[in-house]
Amino acid sequence: MRARIAARLAAVVLFSSLASVSAAQPAEFGIQDGNDLWIPASQFTGTAGWVEGTIGYGYFYATAVSTFHAGLPLPQGAYIDSWRAFYYDNSASDDFTVSFLKWFDDTTAAPTPGAVLIHEFTSTGSPGLTSYEQAEGFTIDLRQPLQPSVTRAAAADFYTFYVVMPANQQVQFKGIRVIWHRQVSLAPATATFNDVPTSDPAFQYIEALAASGITSGCGSGNYCPDANLTRRQMAVFLSKALGLHWPNF
Ligand SMILES: [Ca+2]
């Protein structure tokens, strides 16, 4: 029994030390965590079908000059730290091209989808198996060009990666990795609560809580920023913020 307790204590100590180590690293939530989104070439659809290549596992090429798109499924306010395209270019005459685009609906009587080019990369020469990284620093905004009065139903913007492939087996494409993280939304211009002016050091965060329906303040147009939080209020804040709790199945 004593050995078992000792083992359990050792496990607790080990777990505690692991916890203290991981405390210095980002957790799988919050605004510091880098999320890793992998979009394989097989998810890109376009003017021709892919052929799986023989050079490296999971590389694809096109049998005719072709263009391919893949959507970027990120939420509003997601911050793109960087993206990396994995490709194979061993052709002196043909190259691999990838673009990062933002698309939006035209609102005129003859609507035509529009696009804004955010970044484009084209390989050159015959470097062989390689990849390209683009540091982005870009916030996903699904409201433009209709902001700030856009409604959720009217937000038609989306982002894509756009790949142009030559008809050459010596140019192949594997996929794109996107690193992104969450952000707290920017502070609004005017204050919601009488007692939390725009100059308050927590203004941005209190406004974000109010805008997302987590709190409506303490009454009479106030938030009571220096009041104590009860366990009752803590439960409401956490449950609303995390969408708690649906049972597993
Ligand atoms: Ca080339």
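Conventions we followed
- One numbering rule holds for all chains: residues counted from 1, following each sequence as written.
- Where totals are concerned, whole chains, interfaces and linings use all residues; where local detail is concerned, this predicted model gives features only for residues with pLDDT of at least 70, and gives and counts side-chain atom pairs only at 80 or more.
- We count a stretch as a helix when DSSP gives it H or I for four or more residues in a row; a strand needs E for two or more, and each element gets its number in order from the N terminus.
- Whether a residue is buried, exposed or partly exposed follows from its count of other C-beta atoms within 10 Å of its own C-beta, namely 20 or more, 12 or fewer, or something in between, respectively; the C-beta atoms are built from the backbone.
- Any residue pair is listed as a contact if its two C-beta atoms, each placed from the backbone, are within 7 Å.
- Two strands are counted as paired when DSSP detects at least two bridges linking them.
- Nonpolar cores are identified as sets of buried Ala, Val, Leu, Ile, Met, Phe, Trp, Tyr and Cys residues joined via C-beta atoms within 7 Å.
- A score from 0 to 100, pLDDT tells how confident the predictor is in each residue.
- An expected span of 1.5 Å times one less than the residue number is assigned to each helix.

A. Expanded view of the overall build of the protein. In terms of helices and strands, the protein carries three helices and 11 strands. The helix and strand sequence of the protein, counted from the amino end, reads α-β-β-β-β-β-β-β-β-β-β-β-α-α. For the protein, the residues scored as buried account for 17% of the 249 residues in total. Contacts in the protein between residues far apart in sequence, at least 24 positions, make up 67% of those at least 6 positions apart.

B. Expanded view of the environment of Ile176. With respect to the helices, strands and loops of the structure, Ile176 is situated in strand 11 (residues 171-181). A C-alpha to C-alpha distance of 6.8 Å links Ile176 and Trp83, two positions 93 residues apart in sequence. Look past the residues within four positions of Ile176 in its chain and what remains in contact with it is Ile39, Trp83, Arg84, Ala85 and Phe161.

C. Representation of the sheet that holds strand 5 (residues 66-71). A sheet is described by the order of its strands in space; here five strands give the open sequence 2-5-10-7-8, paired in antiparallel fashion. Taken across any chain shown, the strands that pair with only one partner, and hence form the sheet edges, are strand 2 (45-46) and strand 8 (114-122). Alignment of strand 2 against strand 5, held across two bridges, turns out to be antiparallel. Residue pairing for strand 5: Thr45 is matched across the bridge by His69.

D. Representation of unusual backbone geometry. In this model, Leu244 is joined to His245 through a cis peptide bond whose omega is -15 degrees. Within the secondary structure, His245 sits in the segment after helix 3 (231-242). Even without being glycine, Ser220 reaches a positive phi, approximately 60 degrees. Within the secondary structure, Ser220 sits in the loop between helix 2 (203-211) and helix 3. Its 9 C-beta neighbours within 10 Å are what place Ser220 among the exposed residues. The phi angle at Cys224 is positive, at roughly 60 degrees, despite the residue not being glycine. By secondary structure assignment, the location of Cys224 is in the loop between helix 2 and helix 3.

E. Representation of the pairing of strand 11 in the model. Counting buried positions over the 11 residues of strand 11 gives eight, a clear majority of the element. Pairing geometry for strand 1 (residues 35-40) and strand 11, over six bridges, is antiparallel. Among the inter-strand pairings, Leu37 is bridged to a residue of strand 11, identified as Val178. Taken together, the 10 bridges between strand 6 (residues 79-89) and strand 11 define a ladder with antiparallel strand orientation. Within strand 11, the position partnered with Tyr88 by the bridge is Gln172.

F. Structural view of the nonpolar core. By size, the foremost hydrophobic cluster in this structure holds 29 residues, and its most contacted members are Phe60, Tyr87, Phe161, Val163, Met165, Phe173 and Val178. Of all the elements in the fold, those that place two or more residues in this core are strand 4 (60-62), strand 5, strand 6, strand 7 (97-104), strand 10 (158-165) and strand 11. Counting residues per element, this core draws most heavily on strand 6, at six residues. Those residues in contact with Phe173 that lie beyond four places of it in its chain are Ala41, Tyr59, Phe60, Tyr87, Phe96, Val163 and Met165.

G. Here's a closer look at the confidence of the model for the protein. In the predicted model, the protein carries a mean pLDDT of 83, and the fraction of residues at 70 or more is 78%. Ignoring residues within four places in sequence, the model shows residues 1-27, a span with pLDDT below 50, making four contacts including any to other chains.

H. A look at the environment of Thr97. Tracing the chain through its elements places Thr97 in strand 7. Judged by C-beta crowding, with 17 C-beta atoms within 10 Å, Thr97 ranks as partly exposed. In this structure the C-alpha to C-alpha distance between Thr97 and Val163, which are 66 residues apart in sequence, comes to 5.7 Å. Apart from residues lying up to four places away in sequence, Thr97 is in contact with Glu120, Thr122, Val163 and Val164.

I. Here's a closer look at helix 3. The first and last C-alpha atoms of helix 3 sit 16 Å apart over 12 residues, in line with the 16 Å expected at 1.5 Å per residue. At the C-terminal side of helix 3, Gly243 shows a positive phi close to 65 degrees.

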